[in-house]
Amino acid sequence: MNDAVVEPLLESIRAFARRHVRPLEIDQQHSIPREVLWGLAELGLFGATLPREWGGAGLSALQTIRVVTALAEVDRSVATTVGLHLGLGTRGLVAWGTRAQQERWLPPLASGEAIAAFATTEPNAGSDLSALQCLAQPAPDGTLQLFGTKLYVTNGGFASLLTVTASTPGMGGAERGTSLLLIDPKTPGVARQREERKLGLRGSSTTAFIFDQVAVPNDAVLGEPGQGASYLAHVLSWGRLLLSAGCVGTARAALDAALAHVHHRRQFHRALVQQEVVQRALARAGAIAYGMEALVRTAAAAEHDWDLLSRLTTSAKVFCSEGAFELADLSLQLHGGSGFIEDTGIALLMRDARVTRIFEGANDVLLTHAGVLELTQPAAVPTDASLSGLWSAVALRRNVLQCEAKGVRALNRRAAQHALGRAVIWRDAATAATSLARTPLERAAAALLCDEALNVAMAPDLPAVPTHLIVAALLEGVFP
Ligand SMILES: Cc1cc2nc3c(=O)[nH]c(=O)nc-3n(C[C@H](O)[C@H](O)[C@H](O)COP(=O)(O)OP(=O)(O)OC[C@H]3O[C@@H](n4cnc5c(N)ncnc54)[C@H](O)[C@@H]3O)c2cc1C
């Protein structure tokens, strides 16, 4: 995919990274040096997706995923800082901001003078956003008064703009509505908490915020009051797209390191790459990396079809976060003991990748969501006839579940929906890989993914053993 705008930018990013980005130092110091952030700003990266009118580069989703992938190939904390700013941090403002809001915020956000963050998670509302307690209520002086706590805010330590999700009962006629609020963290009543200590992504800032009677002007509401929940879906699509693009970068870095190592390391009188077992593992890893990339590209191409974007970014988020972690783990395994030593940087790849299976929607929650969505949508057919077997297998699984839903077993089918979701996600990855495959190698990788996707689609959704008995025994502490 050649692109006259992005290609030179990617070259500049790589040259800058080679010279200035030191992943192990960033990890050890738990922060990205200021000069690196300034350098990224000079490259125009904080304005990549922002409209040209306000000083941004106006890159498309397809162009932006390449930027984030290139950053993540070098360092995941750097990619997360930029990706969060471009996705969750600014997407709402770009899509629904008034002219006045955009005029105030977008120029400094595009230049990197201001960094954006997104605050939705709360102590009692993580996966379940219907439990939000952060509350904004109209005050007699015409402002809104904001109370509550937000956790784990990426870029929180230095953000100049927070998009905060708050419960706004009654506003915009929505009895239990939520709204997105644009908050300057310097506003009186906003208390930024200390940096969290983390397993990975240590260079990326993560803080909590406490809001105590914060006076929020009415013009700080994003879009229509009370419509926050529907806006969130779109903002999260962008967040998941760029997160997935970062996972592609991690996967590439892990695979490149593994390939270099297995060629160079000799055991049993030959290079590791000559071991058949190693070759098989690498072939599967290559296919997964290709599937990840294809799925992210397919999702990005749906930029203007928001429903499709939401569906495909859900699939991409799960497939890519699992793929990146698996490939980092494989790379570590193939490095043997040296992989476990921090100096090689492989352990860092794995530690950094771990959280992507949790944030922006825990994977198990998204898998169930993907299953439920599949059940409620009209049955689709693949455009490529070679995929009809795979699509039929997923459709069969869906039909069985729909029939059961009419009977008594409809009461608790979350595990089955979760299993259907996994089939959907593998189907989407295999479909994207097949559609985009041009070279014999890509076609071979796509075939491998189709095979595995078919196995996933036909796997039993529940093990034959009585799992509820084991869980009950565990809870009672009677299990050895
Ligand atoms: C480093 C980091 C950065 C973050 N950045 C941000 C940010 O910028 N902005 C923001 O708003 N939030 C952010 N988060 C929060 C993140 O999105 C949440 O941690 C995530 O949504 C999960 O919520 P939780 O931690 O409350 O887990 P819980 O909701 O308590 O879930 C815990 C686990 O239970 C399981 N589980 C829960 N529900 C179900 C279900 N229905 N079915 C099956 N399994 C289930 C899953 O395995 C899940 O991982 C960040 C988190 C971290 C760690």
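Refer to the structure above for everything that follows.
The following paragraphs examine the structure supplied in this document. (Residues numbered from 1 in each chain as written. Predicted model: local features only at pLDDT ≥ 70, side-chain atom pairs only at ≥ 80, totals over all residues. Heavy atoms only, no water.)

Here we come to the pairing of strand β3 (residues 144-154). Pairing geometry for strand β2 (residues 135-138) and β3, over 4 bridges, is antiparallel. Within β3, the position partnered with proline 138 by the bridge is leucine 144. In sequence, β2 turns back onto β3 through a hairpin of 5 residues, with glycine 142 there showing a positive phi of about 90°. Pairing geometry for β3 and strand β7 (residues 206-216), over 8 bridges, is antiparallel. Residue pairing for β7: lysine 150 is matched across the bridge by phenylalanine 209. (Pairing = 2+ DSSP bridges. Helix = DSSP H or I, 4+ residues; strand = E, 2+ residues; numbered from the N terminus.)

Glancing now at helix α16 (residues 440-458). Taking 1.5 Å as the rise per residue, α16 with 19 residues should run 27 Å; its terminal C-alpha atoms sit 27 Å apart, in good agreement. Three or more residues of α16 are buried, namely Ala445, Ala446, Leu449, Cys450, Ala453, Val456 and Ala457. Within α16, the buried residues cover an arc of 145° as seen down the axis, which keeps them to one side. Along α16, exposed side chains directed more than 90 degrees from the buried face belong to Pro440, Leu441, Asp451, Asn455 and Met458. (Expected span 1.5 Å × (residues − 1). Buried < 20%, exposed > 50% of the residue type's maximum accessible area, 1.4 Å probe, protein only. Arc of directions from axis to C-beta.)

For helix α15 (residues 414-436), spanning 23 residues, the distance from its first C-alpha to its last is 33 Å, which sits close to the expected 33 Å at 1.5 Å a residue. The element α15 is largely enclosed, with a buried count of 17 among its 23 residues.

Below, the discussion takes up the side chain of threonine 356. Within the secondary structure, threonine 356 is located in the loop between α12 (346-354) and α13 (363-376). Those residues in contact with threonine 356 that lie beyond four places of it in its chain are Arg76, Leu243, Cys247, Lys317, Ser321 and Asn363. (Contact = heavy atoms within 4.5 Å.)

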